[in-house]
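Take a look at the letters that make up each chain.
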Amino acid sequence: MFIALFRIVKFSLQDFLRNFLFSVATIIILILTLISINFLLTLNFITKVALGEVRDKIDVSIYFKQDIPESQIGNIKSYLLSMTEVKDVFYVSPEDALEKFKETHKDDPAILESLVEVGNNPLGATLVVKARDTKDYENILKVFDDQKYDAIILEKNFEDHQAVIEKVTEIAEKGEKTALGIAGIFAIVAVLIIFNTVRIAIYTHRDEIGIMKLVGATNWFIRLPYLASGIIYGFLAVIISVIITYPIIGFIEPYMTGLFGGTSLNILSFFTRNYLFIFGGQFLGVVVLTIVVSSLAVGRYLKI
Amino acid sequence: MIKFKDIEKIYPPKTVALKNINLEINAGEFVSIVGQSGTGKTTLIKLLTAEERVTRGKITIGDWDITRIKQCDVPVLRRQIGVIFQDFKLLPKKTIFENVAFALEVCGATQGRIKKTVPQILKIVGLEGKANRYPKQISGGEQQRAVIARSLIHRPKILVADEPTGNLDSVNTREIADLLLKINEFGTTVLLVSHNRELINSLRRRVVTLEQGVVVSDQEVGKYLL
């Protein structure tokens, strides 16, 4: 058993070295495929961060009439927080609302003068609601369609945000679908490239396989070195693609951060956090694919 | 003893390669199978090594019926029959030593046995100084010797040579023939397929002549008739 295993690894390594150029070409194709996949993952990650940023900036405000007791608004806040669609609710007191109003219009003396003329604070309290998903805003605000709220709510600004919310939702959905589509195309291209590379590799060995059979090699003894080669190719391709991917991301990350107005994207830490899933998955994918393809391709020449 | 009984081989749809072949080859015999191209000589050899299956009839080696041999038993059979081909069939990316050793490696021989046996066999065929060369670095005659060395590595009871001198000049042909006779003297049954008239006539051994898939002559000390 140990002897057989040793020989399978030996033949596999021997084959790798003696067909060095072909092995290198195969690995380069695999590396390019894996780098493309990593690039796509980066793109998908950046899209998600960007959409998250936009989504995070969206909220709806419910403006209450003046003199509504804070306790009553507190009850509404608690009710909203109990809804699964609601991520967070912030209470803005009339005083804070006035301060914010003054800050916003500090360069507009006409408005500030009118505030002085009014005398007391004309603004009521506000509840700022953040939903878990942009699609949820409509449902959340439906709550306030109830007539019982007419007496206490002055305005809800859903209509103002509706267009933005719909647009963001649409962009997010389209973005995810596009990313999935591109990933699918990449996956198909990768499978076809690997399929053909391995098939060509085995086609060039068809005479050798015939000779092995004629000197009494069992089918498994012939198959296993090819499977071992698949593992070697997969391992080297993943390692090299990691070595190439990390510096490239390290190089582009500061530029991307600049594009996002200083928001740190942490693309590298995304890869590091998920290294087992990403690179382990890629290794497993390449190995499984080469094993399946080589089994099919070798099988054709094992019928002697 | 090898027995071919009522053998018929038909390639689809209706090409009859062998018809009504009845042959008995005793242990230690040297038998030449001759005939023109396309008369079924190679098919007969392929049936013996289970590269092809008979359409009808029965082939036995000793008590072993190989007519319906299971796929998993084919490697076992091939380790017991040494085969030599006209086109050598050496692995081009392996050295001569590795080519010969490969036949041992596939059946799980230890490294110690390989290191001991391969040089001995290479010495017998006169290739002791060329063990580390690749097939393309040696002559055709030397390549055929390497193939003979590989086929002998399991010390087979049967050696099948399919046109072993087809690609060789007269000097190398004679040397290979002498080597085959020497192997036969050690007790190995040799089946030689050839259409080299001079070679066959010089051997003065049993000759089976095939014509259109049928045995037309079987002489104890025969000559190339066609």
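What you are looking at is a predicted structure, and each value in this text was computed from that prediction instead of being measured.

Concerning the sheet that holds strand β5 (residues 64–65) of chain B
Residues and elements named next belong to chain B. Here four strands make up an open sheet; going across it, the order is β2-β1-β4-β5 and the pairing antiparallel. Single-partner strands in this sheet number two, and they are β2 (15–25) and β5. As paired elements, strand β1 (residues 2–11) and strand β4 (residues 56–61) share five bridges and run antiparallel to each other. Bridged to K3 within β4 is T60. Along the sheet face, helix α1 (residues 41–48) touches β1, β2 and β4 and points at about 65° away from the line of β2.

Some words on the interface of chain B and chain A
The interface of chain B with chain A comprises 16 residues on the first partner and 14 residues on the second. Every element with two or more residues in the side of chain B that touches chain A is listed here: α2 (74–78) and α3 (96–105) of chain B. Among the elements that make up the side of chain B that touches chain A, the one with the highest residue count is α3 of chain B (three residues). Of the residues contributing to the side of chain B that touches chain A, the split by class is seven nonpolar, two polar and seven charged.

Focus on the pairing of β1 of chain B
In this sheet, β2 of chain B lies alongside β1 of chain B in antiparallel orientation, the contact comprising seven bridges. Directly across from K3 of chain B, in β2 of chain B, lies its bridge partner E24 of chain B.

Things to note about the sheet that holds strand β4 (residues 153–156) of chain A
Residues and elements named next belong to chain A. Reading across from one edge, β2-β3-β1-β4 is the order of the four strands in this open sheet, with antiparallel pairing throughout. Strands with a single pairing partner mark the edges of an open sheet, and in this sheet they are β2 (86–92) and β4. Within this sheet the neighbouring strands show an average axis-to-axis angle of 20°, counted without direction. Taken together, the six bridges between β2 and strand β3 (residues 126–131) define a ladder with antiparallel strand orientation. Bridging across to β3, V89 finds its partner in V129. Strands β1 (60–64), β2 and β3 of the sheet are contacted by helix α3 (residues 70–81), whose axis makes an angle of about 165° with β2.

Quick notes on the packing of helix α5 (residues 140–152) of chain B against helix α6 (residues 170–185) of chain B
All names here are of chain B. Viewed as axis vectors pointing N to C, α5 and α6 meet at an angle of 15°, and their least axial separation amounts to 10 Å. In terms of orientation, α5 and α6 fall into the roughly parallel class. The element α5 and its partner α6 pack so that their crossing is right-handed. Along the contact surface, α5 presents G140, G141, Q144, I148 and L152, while α6 presents N172, E175, I176, L179 and I183.

A look at helix α11 (residues 275–301) of chain A
With 27 residues, α11 of chain A should reach 39 Å at 1.5 Å per residue; the first-to-last C-alpha distance of 38 Å fits that figure. Every buried residue belonging to α11 of chain A is among I278, Q282, V286, T290, V293, S294, A297 and V298 of chain A, and all of these are buried.

Comments concerning the packing of α3 of chain B against helix α4 (residues 111–124) of chain B
Residue and element names in this part refer to chain B. At a closest axis distance of 10 Å, the pairing of α3 and α4 adopts a crossing angle of 125°. Between α3 and α4, the angle is such that the two are oblique. You can see that α3 and α4 cross each other, and the crossing is right-handed. For the pair α3 and α4, contact is made by F97, V100, A101, L104 and E105 and by R113, I114, T117, V118, I121 and L122, respectively. Here the contact of α3 with α4 is built from residues that sort into eight nonpolar, one polar and two charged.

Section: the confidence of the model for chain B
Detailed reading of the predicted model is not advised wherever pLDDT is low. For chain B, per-residue confidence averages 90 on the pLDDT scale, and 99% of positions sit at 70 or higher. Both confidence scores are given for the complex: pTM 0.64, ipTM 0.77.

A word on unusual backbone geometry
All names here are of chain B. Note that the residue after P12, namely P13, is joined by a cis bond; omega there is 0°. In this structure, P13 sits in the loop between β1 and β2. Unusually for a residue other than glycine, Q212 sits at a positive phi of about 50°. Locating Q212 in the fold gives a position in the loop between β9 (206–211) and β10 (214–219).

A short note on the confidence of the model for chain A
Mean pLDDT over chain A works out to 82, with 94% of the residues at or above the 70 mark. Of all helices and strands in chain A, the one with the weakest mean pLDDT is helix α7 (residues 158–203) of chain A (72), whereas β2 of chain A scores best (90).

Quick notes on the rules
Residues numbered from 1 in each chain as written. Chains lettered and ligands numbered in written order. Predicted model: local features only at pLDDT ≥ 70, side-chain atom pairs only at ≥ 80, totals over all residues. Pairing = 2+ DSSP bridges. Helix = DSSP H or I, 4+ residues; strand = E, 2+ residues; numbered from the N terminus. Contact = placed C-beta atoms within 7 Å. Axes fitted to C-alpha atoms, helices over the stretch in contact; angles between N-to-C directions. Nonpolar A, V, L, I, M, F, W, Y, C, P; charged D, E, K, R; others polar. Parallel < 35°, antiparallel > 145°, perpendicular 65-115°, else oblique. Left-handed = near helix turned anticlockwise from the far one by under 90°. Expected span 1.5 Å × (residues − 1). Buried ≥ 20, exposed ≤ 12 C-beta atoms within 10 Å, placed from the backbone. pLDDT = per-residue confidence, 0-100.

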